[in-house]
Amino acid sequence: MINRDGYTISLWQQHISAFPLSSTRHEQVYDIIIVGGGITGVTTALLLQEAGFKCLLLEAANLGYGTTGGTTAHLNTLLDVSYETIEKNFGLPAARSIAKASANAIAFIEKMTQEYSIDCGFNTADAYQYAQNKEQDEALDREATAATNAGLDVSRVATLPLPISCISAIQVKGQAKFSPLPYLYELAKAFENIGGVILENTRVTKIEHKGKVEITAGEQTFTGRKLVLATHIPPGINLLHLRCIPYRSYALAARLAQNDYPQDLYYDMEEPFHYIRSQEVDGQQYLIVGGEDHKTGHHENTTLCFRQLEAWVHKHFKVEEITQRWSSQFYEPVDGLPYIGQLPGEEEDVYVATGFSGNGMIYGTIAALLLRDMLLGVPNELEMILDPNRLKPIAGFSNFISHNADVAMQFVGKLIPAASLHLLADLAPGEGRVITYESEKMAVYKDETGELHSVSPVCTHLKCDVNWNSGERSWDCPCHGARYSPDGQVLNCPATMALQALHVAATVK
Ligand SMILES: Cc1cc2nc3c(=O)[nH]c(=O)nc-3n(C[C@H](O)[C@H](O)[C@H](O)COP(=O)(O)OP(=O)(O)OC[C@H]3O[C@@H](n4cnc5c(N)ncnc54)[C@H](O)[C@@H]3O)c2cc1C
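The sections below set out a description of the structure shown in this document. Remember, predicted model here, so these are calculated numbers, not experimental data.

**Considerations on the pairing of strand 2 (residues 55-58)**
Each regular strand displays side chains that alternate between the two surfaces of the sheet.
Stage number 1. Burial along strand 2 is two-sided: Cys55 and Leu57 and Leu56 and Leu58, pointing in opposite directions, are all buried.
Stage number 2. Two strands pair when backbone bridges link them, and strand 1 (residues 29-35) and strand 2 are joined in this way by four bridges, in the parallel orientation. What sits directly across from Val35, in strand 2, is Leu58.
Stage number 3. Sheet topology note: the strand 2/strand 7 (residues 197-199) ladder contains three bridges and is parallel.

**What to know about the site of the ligand**
Stage number 1. The immediate surroundings of the ligand are formed by 37 residues, with Thr40, Glu59, Thr68, His74 and Met361 found nearest.
Stage number 2. Here an oxygen atom of the ligand sits 2.6 Å away from a polar atom, N or O, in the side chain of Glu59.
Stage number 3. Between the ligand and Met361, the relevant distance is 2.8 Å, taken from an oxygen atom to a main-chain nitrogen or oxygen of the residue.
Stage number 4. Isolated, the ligand exposes 1000 Å² of accessible area, and the fraction of that covered by the protein chains is 98%.
Stage number 5. Going through the elements one at a time, helix 2 (39-50), helix 3 (67-70), strand 15 (319-333) and helix 10 (360-376) are the ones with two or more residues in the shell around the ligand.
Stage number 6. Residues that form the shell around the ligand fall into these classes: 14 nonpolar, 21 polar and two charged.

**Some points on the packing of helix 2 against helix 7 (residues 180-193)**
Stage number 1. Relative to each other, helix 2 and helix 7 sit at 30 degrees, their axes nearing to 9 Å. Between helix 2 and helix 7, the angle is such that the two are roughly parallel. Between helix 2 and helix 7 lies a crossing of left-handed hand. Each of Ile39, Val42, Thr43, Ala45, Leu46 and Gln49 in helix 2 lies in contact with helix 7, whose residues at this interface are Tyr183, Leu184, Leu187, Ala188, Ala190 and Phe191.

**Describing the packing of aromatic side chains**
Stage number 1. Under the counting rule described, the total for this entry stands at 10 aromatic pairs.
Stage number 2. Where Phe19 meets Tyr185, the ring centres are 5.1 Å apart and the plane angle is 75 degrees; that geometry is what we call edge-to-face. Of this pair, Phe19 sits in the loop between helix 1 (11-14) and strand 1 while Tyr185 sits in helix 7, placing them 166 residues apart in sequence. Judged on exposure class, the residue Phe19 and its partner Tyr185 are both buried.
Stage number 3. Taken together, the ring pairs in this structure connect Tyr267, Phe273 and Tyr275 into an aromatic cluster.
Stage number 4. A cation over an aromatic ring shows up here: Lys54 above the ring of Tyr30, its NZ or CZ 5.3 Å from the ring centre.

Rules used in this analysis
- Residues numbered from 1 in each chain as written.
- Predicted model: local features only at pLDDT ≥ 70, side-chain atom pairs only at ≥ 80, totals over all residues.
- Heavy atoms only, no water.
- Buried < 20%, exposed > 50% of the residue type's maximum accessible area, 1.4 Å probe, protein only.
- Helix = DSSP H or I, 4+ residues; strand = E, 2+ residues; numbered from the N terminus.
- Pairing = 2+ DSSP bridges.
- Near = heavy atom within 4 Å.
- Polar contact = N/O pair within 3.5 Å; in protein donor to acceptor, adjacent residues only side chain to side chain.
- Areas by Shrake-Rupley, 256 points an atom, 1.4 Å probe, with all protein chains shown as cover.
- Nonpolar A, V, L, I, M, F, W, Y, C, P; charged D, E, K, R; others polar.
- Axes fitted to C-alpha atoms, helices over the stretch in contact; angles between N-to-C directions.
- Parallel < 35°, antiparallel > 145°, perpendicular 65-115°, else oblique.
- Left-handed = near helix turned anticlockwise from the far one by under 90°.
- Contact = heavy atoms within 4.5 Å.
- Phe/Tyr/Trp six-rings, centres within 6.5 Å; stacked < 30°, edge-to-face > 60°.
- Lys NZ or Arg CZ within 6 Å of the ring centre and 35° of its normal.

Nothing here speaks to function; it is all geometry.
See the structure below:
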């Protein structure tokens with residue numbers, strides 16, 4: 001089992017041990033510094049080291065700590081953002097480029113599993129998207145046309161090989177699935193084997209430009225000619241925080257009573273939608289279902305989200321045991337496509353890859369391939385399409401406004417309930433709450449021993465107030481998705497500093 005950015009643990013994180021680092025010595029100066037030990041950072045680091053650059057990979061916690069450890073790892077060209085939307089916002093040639101790049105990303109992952117003999121259960125599969133009412137059927141019709149126009153091999157099917165009824169469905173071939181962490185680890189090993197250096201437990205807190213990029217991580221400093229921020233969302237304050245909306249998504253793994261695990265990938269069209277597949281891990285098959293997405297920090301009782309997902313699974317499958325429940329974070333780009341390239345508002349030597357929606361296995365891989373081309377000066381048709389400095393298309397603009405209405409509410413509304421101190425006594429062990437005591441707001445957490453921990457609820461990123469996330473036992477910022485542990489340590493970007501510690505003298509049992 002490895003550490004992760006929350007209280008729960010995913011199927012993948014449960015079934016793997018800490019990465020056996022072999023980078024024992026490091027230097028201060030590199031060609032390229034990559035920050036973030038998820039699929040994006042590790043794949044990018046390997047490709048750049050292979051291309052002849054001297055690379056350093058810095059990870060705040062451990063490899064697989066972030067969403068790559070909390071993913072469900074569908075490898076699909078049928079993306080979360082519909083091809084209809086991509087075509088509307090970016091045009092048909094762009095939709096075709098994205099479809100082609102997604103298929104290339106799956107082929108690249110397969111090639112890596114063969115080249116490095118990675119035992120990660122990589123298997124090809126078909127994807128099915130299905131409609132359960134008339135409105136969904138119409139949307140599915142449009143998506144089938146748009147996806148076909150983009151170049152996907154789409155066919156209509158009458159029924160699903162799944163115990164769920166639908167009125168129509170499409171099947172798309174050429175998809176795949178795998179276990180993400182064995183894949184991540186083997187790529188990281190390959191990176192080290194050719195001279196790449198990985199440092200875990202090294203959180204980057206400052207980036208400066210002094211001719212080169214100077215990185216501060218705790219007491220250490222490193223210098224690089226270029227910097228790649230593969231931190232899922234860039235740390236610090238950046239325009240991209242207004243263009244990427246942080247969401248939580250919930251997942252569970254289950255053993256089924258009969259051996260009837262669905263072997264393909266399935267997506268319903270509910271709002272939010274459910275995503276289904278299975279995977280063999282350590283000789284045992286698991287059904288893996290995800291859904292119940294909501295904006296980060298907008299639900300306090302996230303335990304309820306797990307219960308709803310569980311109820312949905314029990315309705316459709318004969319479950320013997322639910323073995324893992326976990327949630328994780330993703331970032332929805334306002335116009336539908338990720339931002340990969342030069343970081344807006346920064347010097348030209350800083351690169352970023354973010355806004356992957358629920359397709360970061362694909363987009364993280366696309367990012368690595370695109371960033372390699374950009375750093376080698378090789379033309380790539382995706383460079384313009386995914387440019388983080390692109391103008392917002394009109395269709396994205398309305399999403400942008402409505403998302404920022406939430407942000408504005410957080411800035412202006414300050415709807416913190418004026419609870420009094422006696423509420424502290426109501427806290428159960430493992431619970432947290434934001435309270436007001438003598439005009440001071442405190443985010444208070446009671447640990448399993450009954451001891452109270454109190455921090456300022458003011459997010460150190462852009463000063464919104466954090467909310468409690470009961471399922472993951474974390475303080476989540478509803479504005480830009482920064483997350484903190486119960487005692488205020490940073491779990492997720494964009495924050496780089498812990499919540500301010502406050503002192504509560506009492507122990508309430
Ligand atoms: C529940 C769920 C299911 C999903 N399912 C799928 C799926 O089926 N298919 C798919 O393609 N995608 C899926 N996604 C999306 C996909 O998992 C992510 O987009 C992808 O894992 C992101 O990878 P990453 O490497 O960019 O980020 P991460 O894996 O989050 O890695 C970023 C790393 O950066 C580190 N870091 C952050 N800040 C710093 C710092 N200041 N200094 C040093 N290190 C830092 C973090 O510790 C972290 O390890 C899913 C997402 C969710 C939430």
